[in-house]
Amino acid sequence: MDVVDSDVEPLPRGGFRCRLCHVTPANRPSLDAHLGGRKHQHLVELRAARKAQGLRSVFVSGFPRDVDSSQLTEYFQAFGPVASVVMDKDKGVFAIVEMGDVASREAALSQPQHSLRGHRLRVRPREQKAFQSPASRSSRGASPDSHQLAGALAEARDVESQMVRLVELRELNEAERQLRSLVVALMQEVFAEFFPGCVLHPFGSSVNSFDVHGCDLDLFLDLGDLEEPQAVLKAPESPSLDSALASPLDSQPPASPRDADTLDLETPPSSSAPQTPDSALASEPIASPQSLPPTSPLREPRSEEDLGSREMRSKEKPEGAAMLELVGSILRGCVPGVYRVQTVPSARCPVIKFCHRPSGLHGDVSLSNRLALHNSCFLSLCSELDRRVRPLVYTIRCWAQGRGLSGSGPLLNNYALTLLVIYFLQTRDPPVLPTVSQLAQKAGNGEQAEVDGWDCSFPRDTSQLEPSTNAEPLSSLLAQFFSCVSCWDLGSSLLSLREGQAVPVAGGLPCSLWEGLRLGPMNLQDPFDLSHNVAANVTSRVAGRLQNCCRAAASYCRSLQYQQRSSRGRDWGLLPLLQPSSPASLLSATPIPLPPAPFPQLSVALVRVLKEALGCHIEQGTKRPRSEGGGVEDLHQAGTGKRQRLSGQKRSCEAGDTQPQGRGGPPGGDGVEEMVVETGEPRQDWAVQSPGQPGCPPMTSAEKRQPGPAAPAVLPAGEGELTPASESWRCTLWHRTWQGRRRARRRLQQQAAGGSQPVTRAEWLATEAQVTQELQGLAACEQSPQAKPLLAFVVSVSPADRTLTVTPLQDAQGLFPDLFHFLQGFLPQALRNVL
């Protein structure tokens, strides 16, 4: 059970991740089903077998090159039975000898000296390596791990060099690009046998200049005017690709060649050599329509009855879905090495997903996504127009991935992040990139294009365009990106790349041509399909977390730690930005929505809920107004809790300067004041978090203030009311009062006369206080008194956004994610009950 628990990782946004199988079950029943499934059990058994083999094996070196495995077997049989010998002479003269049992291995290791044919052998225990599942060892690309990335970036001389180096580490190499081209050529030749005249176009990350190791292979199959495939064609006599395709391909699904061996080293030199684009593909004869199984749609007789039945089926299934399944059957049965073919007709753009075993590539084929070809050309043009585009896009993508902002579901995809960077570069003064409308005006006669009614005209040759006069360095552009995104109104405006400006949409869409555009918490318009919001899937929680993370990153970019290389070997520049955040820091940037109410009443109700209902100890702090000007900024020094100040510098955000949100005084009522965290307290991922903002710890009381009058920044909260820009309290919990509340509440209600439900605010608060007291009593009986609290955290409220954020200060047992998920559901409902 301990091994199973070590394989399972709870995710900050819910669900679980199996590190062994690289799958993410959504809930506990799905996790239990996965852990008991065939795939997981197979990998558990395989891992145990590999570990046992490692404990029986020895590493041998020093023998002559002409020694073969049979001679080594004969020598080591003097110590006991030999199970196998795997040699690798290309990497140096060494071998892995697996003994029949552990006792034989110990006997071989106990021998002080070994010699074979006059050469002294070096025999030592085999190094125990971490188990890698077959899925994790595919050849989809060699993306550097965090340690390699940190080491390479730390050696750069400045931030700009770090950003350029990041591109070099993450982009595809020439061999990977050539491999993708060969896979496309192979599939093109197969499809041409069924659809004469068709063309298979790659698009997306593989061709738009923003490729990374392991990115999917996106393909568009252009069938032209062809409606029906040819059913009887002559099979290709001598496919042109056969000369480029080397080793035969096994038609059965098992895994990589390494899995056929029982050891990690694994295969003879002929098969363990690094894959090249030529050797990764197979030389099987390409299938023709006649080679399809009898049940294939392409082998059906074309009689009148069959045509009539096909027409009846077309009424039940759209023609596009039928063609999609037809292409899927060709992929499944005729393209060598393709497996896991799955048609997805319900997607916004229907696709056929597939995997290619020899190359390790995953991809999809679409039949109606011609617009994506122009999108890819547009992104490629942007990268060619200015050398700063690629490093900035790669950095933002890597940063967003580490902050849990990019991915599937409600998160931003890489296409949306790339468009967000391009829009930002269009809004600089002077602009770094032209708008889509400006590009359309400069398109030549052969560059005019219209797809599905949308204008896709723009020059394909960058020599026709004048270079930008903007000369800002990459480090400054990165800092300005974070500053600008943190203050953009993402929900009430539409970021338009065609016009290069934000279009207000609070009162509705300004153009009838955009009918069908779905607005949401974040609105980012496609450059060509103006009815497509590429960020329509983003939820308000993710949009709020994006701006919180950008606000924190913008604050870090104003520090010396970002601007100057550390002379003490500490992380500097991009490194703190790109380091993956812990689950606690990801959650601390996630806002919790608050019910509508006047801010003073909301503050008082929040304190009562935390103190009375949950039993939090809330420490009173000191009021600390902040200057509305941008003249004082925090500088986080690596490895210390102290912060220094630089002279004022203002950061522009589109048309105006951004000003830090201030902190005001007490909200009234109970006179609760803003909490100030003293120096010396443990920090958790605060190096890139902005003080004074939601999701970030308050500034320390030891900080010095710039001379001059300081007025609290205030925001209107109703008729004639002024409220502070944000309010924070420090809370501590000594018991797990968030666990088992439902059971304790039910028990108290059964003990009460009549078991009536609380109806008034006072009754509800009293009931929750009793629940907390019972949980504290049970915990006190089961546990010994503690010298330190279980949890210490800061609760910050932003009346402007009507959101609340919780930031951990002390969490030695890793309980904060559990507490945060409880507060997400409990606090909004509790505040409604109290208010």
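Residues numbered from 1 in each chain as written. Predicted model: local features only at pLDDT ≥ 70, side-chain atom pairs only at ≥ 80, totals over all residues. Heavy atoms only, no water.

Student: I'd love a proper account of the overall build of the chain, names of residues and values included.
Tutor: Each helix and strand in the chain was counted, giving 24 helices and 28 strands. For the chain, the accessible area works out to roughly 39,400 Å², and carbon and sulfur atoms hold 50% of it. (Helix = DSSP H or I, 4+ residues; strand = E, 2+ residues; numbered from the N terminus. Areas by Shrake-Rupley, 256 points an atom, 1.4 Å probe, with all protein chains shown as cover.)

Student: I'd like a rundown of the pairing of strand S5 (residues 94-99), residues and numbers included.
Tutor: Residues in a regular strand project their side chains so that they alternate between the two faces of the sheet. Buried residues dominate S5, accounting for 6 of its 6 residues. With burial as the criterion, each face of S5 is covered, one bearing Phe94, Ile96 and Glu98 and the other bearing Ala95, Val97 and Met99. Relative to S5, strand S3 (residues 57-61) runs antiparallel, the two sharing 5 bridges. Opposite Val60, over in S5, you have Ala95 as the bridge partner. (Buried < 20%, exposed > 50% of the residue type's maximum accessible area, 1.4 Å probe, protein only. Pairing = 2+ DSSP bridges.)

Student: So what's going on with unusual backbone geometry? Residues and values would help.
Tutor: Peptide bonds are, in most cases, trans, and in most cases residues other than glycine have a negative phi. Cis geometry marks the peptide bond from Asp429 to Pro430, where omega comes out at 0 degrees. As for its position among the elements, Pro430 is in the loop between helix H14 (414-426) and helix H15 (436-441).

Student: Tell me about the nonpolar core, residues and numbers included.
Tutor: Within the largest apolar cluster, 81 residues are counted, with the highest numbers of intra-cluster contacts made by Phe378, Trp399, Phe482 and Leu577. Excluding its chain neighbours within four sequence positions, the residues that come into contact with Phe378 are Ile422, Val436, Leu439, Phe458, Leu497, Pro527 and Phe528. By size, the runner-up hydrophobic cluster in this structure holds 39 residues, among which are Leu790, Phe793, Phe816 and Ala830. (Core = buried A, V, L, I, M, F, W, Y, C linked by side-chain atoms within 4.5 Å. Contact = heavy atoms within 4.5 Å.)

Student: An account of the packing of aromatic side chains is requested, with residue identities and associated values reported.
Tutor: Going through the model one piece at a time under the given rule, you end up with 16 aromatic pairs. Where Tyr75 meets Phe79, the ring centres are 6.0 Å apart and the plane angle is 65 degrees; that geometry is what we call edge-to-face. Residues Tyr75 and Phe79 agree in their burial class; the two are buried. With a centroid separation of 5.5 Å and 90 degrees between ring planes, the pair formed by Phe424 and Phe481 is classed as edge-to-face. With Phe424 in helix H14 and Phe481 in helix H16 (residues 474-487), this pair connects stretches of sequence that are 57 residues apart. The burial state of Phe424 is the same as that of Phe481; both residues are buried. Grouping aromatic residues by their ring pairs yields a cluster made of Trp399, Phe424, Phe481 and Phe482. (Phe/Tyr/Trp six-rings, centres within 6.5 Å; stacked < 30°, edge-to-face > 60°.)

Student: Mind laying out H14, listing which residues take part and the relevant values?
Tutor: Because each turn of an α-helix spans 3.6 residues, side chains separated by three or four positions in sequence point in the same direction. A rise of 1.5 Å per residue sets the reference length of H14, with its 13 residues, at 18 Å; its end C-alpha atoms lie 18 Å apart and thus fit the reference within 8%. With 11 of its 13 residues buried, H14 lies for the most part within the structure. Along H14, the positions that sit buried rather than exposed are Ala416, Leu417, Thr418, Leu419, Leu420, Val421, Ile422, Tyr423, Phe424, Leu425 and Gln426. Two or three places before Tyr415, at the start of H14, stands the capping residue Asn413, its side-chain oxygen 3.2 Å from that residue's backbone nitrogen. (Expected span 1.5 Å × (residues − 1). Polar contact = N/O pair within 3.5 Å; in protein donor to acceptor, adjacent residues only side chain to side chain.)

Student: Tell me about the confidence of the model for the chain, residues and numbers included.
Tutor: Close reading of the predicted structure is inappropriate where its pLDDT is low. Considering every residue of the chain, the mean pLDDT works out to 75; 70% of them sit at 70 or more. Here residues 227-317 scores under 50 on pLDDT; set against residues more than four positions off or in separate chains, the count is 140 contacts. (pLDDT = per-residue confidence, 0-100.)

Student: Account for the pairing of strand S7 (residues 119-125), with residues named and values stated.
Tutor: Inspection of the sheet shows S3 paired to S7 by 4 bridges, in the antiparallel sense. By the bridge assignment, Phe59 is partnered in S7 with Arg124. The sheet contact formed by strand S6 (residues 114-116) and S7 spans 3 bridges and is antiparallel. The residue of S7 that forms the bridge with Leu116 is His119.

Student: Could you give an account of the sheet that holds strand S17 (residues 524-525), naming the residues involved and the relevant values?
Tutor: With mixed pairing, 3 strands are arranged side by side in an open sheet as S16-S15-S17. The sheet is open, and its two borders are formed by strand S16 (501-504) and S17, each paired with just one other strand. Pairing of strand S15 (residues 493-496) with S17, which is carried by 2 bridges, proceeds in the parallel orientation. What sits directly across from Leu495, in S17, is Leu524.

Student: Explain the sheet that holds strand S28 (residues 803-810) residue by residue, including any values.
Tutor: One open sheet accounts for 5 strands, arranged S18-S28-S27-S26-S19; its pairing is antiparallel. Both edges of this open sheet fall to strand S18 (592-593) and strand S19 (617-619), since each of them pairs with a single strand only. Bridging between strand S27 (residues 791-798) and S28 involves 7 bridges; their strand directions are antiparallel. Bridge assignment links Val797 to a residue of S28, and that residue is Leu804. Contacts between helix H24 (residues 816-834) and the sheet are confined to S18, strand S26 (727-733), S27 and S28, with S28 contributing the most and set at about 155 degrees to the helix. (Axes fitted to C-alpha atoms, helices over the stretch in contact; angles between N-to-C directions.)

Student: Go over the packing of helix H12 (residues 370-385) against H14, please, and point to the residues and values.
Tutor: Interhelical geometry of H12 versus H14 gives an angle of 45 degrees and a closest axis separation of 12 Å. On the basis of their axis angle, the class for H12 and H14 is oblique. Every pair of crossing elements has a handedness; the one defined by H12 and H14 is left-handed. Side by side, H12 and H14 meet where Asn375, Phe378, Leu379 and Cys382 of the first sit next to Tyr415, Thr418, Leu419 and Ile422 of the second. Classifying every residue of the contact of H12 with H14 by side-chain character gives 6 nonpolar, 2 polar and no charged. (Parallel < 35°, antiparallel > 145°, perpendicular 65-115°, else oblique. Left-handed = near helix turned anticlockwise from the far one by under 90°. Nonpolar A, V, L, I, M, F, W, Y, C, P; charged D, E, K, R; others polar.)

Student: How would you summarise helix H5 (residues 102-110) if you had to cite specific residues and measurements?
Tutor: Those residues of H5 lying buried are Ser104, Arg105 and Ala108. What you see down the axis of H5 is that its buried residues fit within an arc of 100 degrees, all on one side. Opposite the packed face of H5, turned more than 90 degrees from it, sit the exposed residues Ala103 and Ser110. If you follow the buried residues of H5, they end up packed against helix H3 (38-56), S3, helix H4 (69-76), S5, S6 and S7. A side-chain oxygen of the first residue of H5 lies 3.3 Å from the backbone nitrogen of Ala103; this N-cap is Asp101. (Arc of directions from axis to C-beta.)

Student: Before we move on, could you go through the pattern of salt bridges and cite the residues and values that matter?
Tutor: Under the criterion given, the structure shown has 17 salt bridges. A salt bridge links Arg47 to Asp7; its shortest N-O distance comes to 2.9 Å. Placement of Arg47 in helix H3 and of Asp7 in helix H1 (residues 2-7) is noted, with a sequence separation of 40 residues between them. Accessibility expressed as a relative area gives 6% for Asp7, which makes it buried. As a salt-bridge pair, Arg177 and Asp211 come within 3.3 Å of each other at their nearest N and O atoms. Taken together, the residues Arg177 in helix H8 (residues 174-194) and Asp211 in the loop between strand S8 (199-203) and strand S9 (217-222) connect sequence positions 34 residues apart. Classification of Asp211 by relative accessible area gives buried; the value is 3%. (Salt bridge = Lys/Arg side-chain N within 4 Å of Asp/Glu carboxyl O.)

Student: I'd love a proper account of the environment of Glu450, names of residues and values included.
Tutor: Locating Glu450 in the fold gives a position in strand S13 (residues 450-451). For Glu450, a relative accessible area of 63% puts it in the exposed group. Residues Glu450 and Leu371 lie 79 residues apart in sequence; the distance between their C-alpha atoms is 9.1 Å.

Student: Lay out the environment of Gln448 with the relevant residues and their values.
Tutor: Within the secondary structure, Gln448 is located in the loop between H15 and S13. The contact partners of Gln448, leaving out residues within four places of it in the chain, are Ala443 and Ser457. One polar contact links the side chain of Gln448 to the main-chain carbonyl oxygen of Ala443, over a distance of 3.3 Å.

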